[in-house]
Amino acid sequence: MAERIRSFDWASTSLGAPEAWPVSLRTTVAMMLRTRHPVFIFWGPELLCLYNDAYSRSLGPEKHPGILGRLGREAFPELWHIIGPDIEQVQAGGPATWHEDKLVPSYRHGKLDEVYWTYSYGGIDDEDAPNGVGGVLVLCNETTTKVLESRRVTSNFERMAELFERAPVFIATLTGPEHRFEFVNPAYRQLVGQREVVGMPVREALPELQGQGFLPRLDEVLATGQAYRASAARILLARGPDAALEERRLDFVYQPTFDADGTPRGVMAVGVDVTERVLAEQALAFREEQVRLAAEAGEVGFWDVDTVAGTLYWPPNVRAMFGIFTEGPVTVEKDFYEALHPDDRAATFAAYQAAIDPAQRSLYDVEYRTVGRDDGVIRWVAAKGHGTFDANGRCVRVLGTAMDITLRKRNDERLRELNEALGQRLESYLAERKILVDVVEGTDALIQVIDTDFKVLASNRGNVAEFENIYGVKPKVGDNLMGLLAHLPSSQEDARRVWQRALAGESFVVEAEFGDPHLSRRWYELHFQPLYAADGRLAGAFQFGYEVTARRQSEARVAQAEEVLQQARRMESIGLLTGGVAHDFNNVLQALNAKFELMRRRADHADSVRAWAGSGIELTRKASRVTAQLLAFSRRQPVGEQSLRLRELLDNMHDLLRTTLGATVRLQVDCEDVSVLAETTQLEMGLLNLAVNARDAMPNGGDVVIVGRAIGEAVELSVTDSGTGMSPELIGKAFAPFFTTKPLGKGSGLGLAQVYAMATRVGGSVRIESDGRSGTTVVITLQRAEKDAGSSAHAPLRADASTAAQSRMLVVDDDNAVRGPLVELLRTLGHDVVEASSGEDALVVLEKERMDILLTDFAMPGMNGVALANLARTVDPTMQVIFMSGYADGDELRDAIGQRGLLLRKPFDIDAVELAIRRAQGRLARAGSKTV
């Protein structure tokens, strides 16, 4: 522009040659040409135009360079009404003007453009000019792009805000480290009970969120700039100002927002309240579990394929349909497809693929043969199911049922030839209009043929007679079956339902009860087949069947007889148990009798008497183990669950196990130093039972290996023998009470039942592993416990070395044989003892004398021990009570023991008695009572 200005013919204008220009003009022009900022000058009364290169870029070819030196009003006629008043104000000596982002439409590139400018008009001093202003200096900057972009951003923001307001999801924007609410949409306001939260920090607006984990997540997202997502997250919200906390489930995302420099400035929370969906899913899961349990309890099996995880669930009855009798996972490819009969595999595979195809979503309804994996037996299975699809149309699950129809197929096969022959004969008859052949008329089967309008085409003599017997009308050819049953709406509907299936082309078998209740209702097995003409057209359907009422009654009688037989077997098992227990107790009694006889004959041999007495005590302990086993099986023995160090228990039992197994069996023990939750006596008894079973399985000797290993939060204790093994059938019965494979008198059938009861009662389990040929492993799974150095597998209750202080006590037991020796024993310990044979006699004593300790039997005729203790404490609340019992009889005794009572479990020894007395004395002392 400098060259254009120099070469312009200024002499032809009112300005004249540049040499004659005023100094202020020359200075301003020089400044204008040196700057890169757009600058324009209007000079003189005519407002002649001068401008620089930067300004020329905003002019179209219509104006540049043509307006150089022209009058301002001529150069910008289209916008003079906008800029003219500002120019006149400045020329008149007025103040400078300023406009920001002002619309100044300009004509360029052949059209009037919408152009925005930020500009100022200021006077250029000239002493010789009117008002001292020689011209107007225009400093400007075109802001069209900025204004339009700002307008677009504003429009987008407004549209986004409108979308947020209408969105079905809840949205909230938070800013700053306090997570102050900046914006919330209606869905969010509804979620928080219409509380006003905008402008408030989250901790103040929603105080109930403290401690629920959401605030630390917000801090983490703001600090890291990483989004956080949650699905079905549990939240407790107050849905109103004074409302109680309500549990909701949310799917949401915390998305960080950033400043222009990329620094996280806040968090946007977007989500959906999915509470109803979660509740529906939980209800569906509950219903599915009910269906699963019901299916497993009946003849129908339930199966479930997770196509995403690639897993297959089969309950035991479905596994049996595929000849699988061992535990372990199953798969679609190996256990399902490979088990299908080769002739049925392709059709079954095609039906399954159609069920999981999103485009077809067919019902999976097939019948196929399986070849048993473990037994090779061919079985028939009827399976039905359907696919479950996600929102994207992907099949995520296939659920269904299965039923063993082998027996039905066998019956169908037996009738197939007759049905085929009958169909051919009937078709021939319809074609040739002949009467039924003699074989059809003479058969006991009930045969009837109808056309597609339910008109009777044929009916043999047996069917006519049976129809009349149960419905009171005699059908003949040409009658309409529905018309015959018009007087019996319910029977008419039953007949219509089954015949319509056959007329729809379905072949099926029905076993149901038919007939007028006022005449006769009987059971029938009816086979229905569609009937086709020679040209392939469906001509009707026919029925072939038998009356099976007598058979069903016979089956009911057989079921009743089987129940009677089962009861007889149970009684036989109880008899075996009684014999086994009597055998064990007779052995103990025989040994005790021998000891007492020796003591009587050789009373003067003190050392021998002591030895025989000690041996007698061991025999009583043996007898107590027999009763403990019975009580454990009957579930009347309370379980004292505690933390046991397994290796220590096995070390303490090593000699006992070694003796039990005998010299021909080698014992190996390998146990980690782990603790388990169990009851010492019950676990020892279970291990002894397993040792006896292992020994009996190896009549010629062998090896027994006991291994203890920690498996996660559980501990597996296994006992393995090298014996003859167990078949799957034996494993299935092994834990049943009274079941035994040993000869009469050699076992009660309670050993494994006791092991099972011991493990399950403390939250564990038991399983048996054997290939049926060599060796058996019994695995007991128990809960792992924290190691406790003070806990020991064998920590018998012992009295202190010092003798207990003397006490005054009352001993109550209705059995003289128990009470007498016990009283004498207590007196030898130095106690002042009074005895009574019943609760009533004991109350008489207590009304006269004060006692420190009441030692009473629990189970007594009339007033039992608990009732006596309760009455005794009304006389003297500080009196201590010790109960004696062979077993814990329900809540009454447990409650009494919990109320400052102690328990001595029969049979007990002197150490247990002394310890119980010392504990009672300690309690008495703490209660402030003086001990004698």
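For the structure, check the block above.
Please read these numbers as outputs of a predicted model, since none were measured by experiment.

> What should I look at first to understand the overall build of the chain in this one?
Check the secondary structure of the chain and you find 29 helices and 34 strands. Taking all 932 residues of the chain together, 42% fall into the buried category.

> Even after reading the chapter, I still don't get the pattern of salt bridges, so can you show me in this structure?
Oppositely charged side chains can form a pair if their charged atoms are brought close together. Within the structure shown, the criterion is met by 56 salt bridges. For the salt bridge of Asp494 with Arg497, the shortest nitrogen-to-oxygen distance reads 3.3 Å. Residue Asp494 and its partner Arg497 are both found in helix α18 (residues 489-503); the two are separated by 3 residues, about one turn of the helix. Given a relative accessible area of 45%, Arg497 falls into the partly exposed group. For the salt bridge of Glu511 with Arg552, the shortest nitrogen-to-oxygen distance reads 2.8 Å.

> Sorry, what's going on with the packing of helix α26 (residues 839-848) against helix α27 (residues 865-875) here?
Where α26 meets α27, the closest approach of the two axes is 10 Å, and the angle between their N-to-C directions is 10°. It follows from the interaxial angle that α26 and α27 lie roughly parallel. Of α27, the residues touching α26 (which contributes Gly839, Ala842, Leu843 and Leu846) are Leu868, Leu871, Ala872 and Val875. The residue makeup of the contact of α26 with α27, split by class, is 7 nonpolar, 1 polar and no charged.

> Would you mind going over helix α5 (residues 80-91) with me for this structure?
Think of an α-helix as 3.6 residues a turn; residues three or four steps apart then line up on the same face. Residues of α5 that are buried: Trp80, Ile82, Ile83, Gly84, Asp86, Ile87, Val90 and Gln91. Of the surrounding secondary structure, the elements contacted by the buried residues of α5 are β1 (39-43), α4 (72-75), β3 (97-103), β6 (116-125) and β7 (133-142). Phi turns positive one or two residues past the end of α5, at Gly93, with a value near 90°.

> Looking at this structure, I do not really get the sheet that holds β3. What am I missing?
Whenever strands of a sheet pair, they do so through backbone hydrogen bonds, lying parallel or antiparallel. Ordered by their spatial adjacency, 5 strands build an open sheet running β2-β1-β7-β6-β3, and the pairing between neighbours is antiparallel. In this open sheet, the two strands that pair with only one neighbour each are β2 (48-51) and β3. Between one strand axis and the next, the sheet turns by 20° as a mean value, whatever way the strands run. Two elements, β1 and β2, share 4 bridges in a ladder whose sense is antiparallel. Opposite Phe42, over in β2, you have Cys49 as the bridge partner. Here α5 sits on the sheet in contact with β1, β3, β6 and β7, set at roughly 25° to β6.

> How do you make sense of the sheet that holds strand β15 (residues 364-371) when you look at a structure like this?
Taken in spatial order, the 5 strands of this open sheet run β14-β13-β17-β16-β15, and their pairing is antiparallel. In this open sheet, the two edge strands, each paired with only one partner strand, are β14 (311-313) and β15. Across this sheet, the average inter-strand angle for adjacent strands is 25°, counted without regard to direction. With 9 bridges joining them, strand β16 (residues 378-389) and strand β17 (residues 395-404) adopt antiparallel strand pairing. Pairing of His386 across the sheet is with Leu399, part of β17.

> How should the packing of aromatic side chains be read in this particular structure?
Aromatic ring pairs: the centre-centre distance and the angle between the two ring planes describe each pair. Evaluation of the coordinates by the stated rule reveals 30 aromatic pairs. Centre to centre, the rings of Tyr119 and Tyr121 are 5.3 Å apart; their planes meet at 45°, and the pair counts as tilted. Taken individually, Tyr119 and Tyr121 each receive the classification buried, so the pair is uniform in this respect. Taken together, the aromatic side chains of Phe40, Phe42, Tyr51, Tyr55, Phe76, Trp80 and Trp117 make up a single cluster linked through ring pairs. A cation sits over an aromatic face here: Arg496 above Phe454, 6.0 Å from the ring centre.

> What is the right way to look at unusual backbone geometry in this model?
Outside of glycine, negative phi angles account for most residues, and trans bonds account for most peptide bonds. Following His64, the chain continues to Pro65 via a peptide bond in cis, the omega torsion being 5°. For Pro65, the location among the structural elements is in the loop between α3 (53-56) and α4. Even without a glycine there, the phi angle at Ala232 is positive, about 50°. With respect to the helices, strands and loops of the structure, Ala232 is situated in strand β10 (residues 228-238).

> I would appreciate a short explanation of the side chain of Arg248 in the present structure.
Looking at the element boundaries, Arg248 is found in strand β11 (residues 245-258). Arg248 sits in the buried class, given a relative accessible area of 10%. Polar contacts involving the side chain of Arg248 include one to the side chain of Thr275, which spans 3.2 Å. At a separation of 3.2 Å, a polar atom in the side chain of Arg248 contacts the side chain of Glu276. Those residues in contact with Arg248, other than ones at most four positions away along the chain, are Ala233, Arg234, Ile235, Arg239, Asp273, Thr275 and Glu276.

Parameters at a glance
- Residues numbered from 1 in each chain as written.
- Predicted model: local features only at pLDDT ≥ 70, side-chain atom pairs only at ≥ 80, totals over all residues.
- Heavy atoms only, no water.
- Helix = DSSP H or I, 4+ residues; strand = E, 2+ residues; numbered from the N terminus.
- Buried < 20%, exposed > 50% of the residue type's maximum accessible area, 1.4 Å probe, protein only.
- Salt bridge = Lys/Arg side-chain N within 4 Å of Asp/Glu carboxyl O.
- Axes fitted to C-alpha atoms, helices over the stretch in contact; angles between N-to-C directions.
- Parallel < 35°, antiparallel > 145°, perpendicular 65-115°, else oblique.
- Contact = heavy atoms within 4.5 Å.
- Nonpolar A, V, L, I, M, F, W, Y, C, P; charged D, E, K, R; others polar.
- Pairing = 2+ DSSP bridges.
- Phe/Tyr/Trp six-rings, centres within 6.5 Å; stacked < 30°, edge-to-face > 60°.
- Lys NZ or Arg CZ within 6 Å of the ring centre and 35° of its normal.
- Polar contact = N/O pair within 3.5 Å; in protein donor to acceptor, adjacent residues only side chain to side chain.

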